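Now for the letters of each chain:
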Amino acid sequence: MQLHDLTPAPGSTHSRKRIGRGNSSGHGTTAGRGQKGQLSRSGGGKGSGFEGGQTPLAMRLPKLPGFRNPRRVEFTAVNIARLDRKFEDGAVIDGAALKAAGIIKKEFEPVKILGVGETTKKWTVKVDKISASAKAKIEAAGGSVELPC
């Protein structure tokens, strides 16, 4: 048996109903839509979301409150404890170093250093933002912090 030998079982298939092809076809004139009414018209029907005249759910629910600022800058938060594990004493920590260490994905994404954890290493930190506690811990260990102007 080959693929071209396969046929459907007798009586299992029907030819499609050709509507609107003249009265002699049995499906002419109104093409099976009945006489008048909403469903007999072109584009007729109620559409998705229609609830029988009741106010639809999408209109009953409130809009989202508040305002979303499209120019908001999202900072990637990095803790001192993570820097302590990744960087040696005397390292310069900037975007390129953070990317090379696998802490951030892109070199120029905004970074904020947070003060969770402790360190005794002297670093030169060049980032966009730093918390007051992180700055105090880095400077107490003998390091320095350089922020952009």
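Residues numbered from 1 in each chain as written. Predicted model: local features only at pLDDT ≥ 70, side-chain atom pairs only at ≥ 80, totals over all residues. Heavy atoms only, no water.

**Regarding the nonpolar core**
Thought 1: Counting residues in each nonpolar core, the largest one holds 19 residues, and the members touching the most others are Leu83, Phe87, Leu98, Ile113 and Trp123.
Thought 2: Mapped onto this core, the elements with two or more residues apiece are α2 (80-86), α3 (95-100), β3 (111-114) and α4 (132-140).
Thought 3: Beyond its immediate chain neighbours, meaning those up to four positions away, Leu98 contacts Leu83, Phe87, Ile93, Ile103, Ile104, Val111 and Val127. (Core = buried A, V, L, I, M, F, W, Y, C linked by side-chain atoms within 4.5 Å. Buried < 20%, exposed > 50% of the residue type's maximum accessible area, 1.4 Å probe, protein only. Helix = DSSP H or I, 4+ residues; strand = E, 2+ residues; numbered from the N terminus. Contact = heavy atoms within 4.5 Å.)

**So, the sheet that holds β3**
Thought 1: Reading across the sheet, the three strands line up as β1-β3-β5 and stay open at both edges, with parallel pairing between neighbours. Whereas interior strands pair on both sides, the edge strands pair on one side only; in this sheet they are β1 (76-79) and β5 (129-130).
Thought 2: Two elements, β3 and β5, share two bridges in a ladder whose sense is parallel. Each bridged residue has a counterpart across the sheet, and for Ile113 the counterpart in β5 is Ile130. (Pairing = 2+ DSSP bridges.)

**Topic: unusual backbone geometry**
Thought 1: Non-glycine residue Thr29 carries a positive phi angle of around 50°.
Thought 2: Turning to its location among the elements, Thr29 is positioned in the segment before α1 (57-60).
Thought 3: A relative accessible area of 71% places Thr29 in the exposed class.
Thought 4: Positive phi values are uncommon outside glycine, yet Ala31 reaches one of about 55°.
Thought 5: Within the fold, Ala31 resides in the segment before α1.

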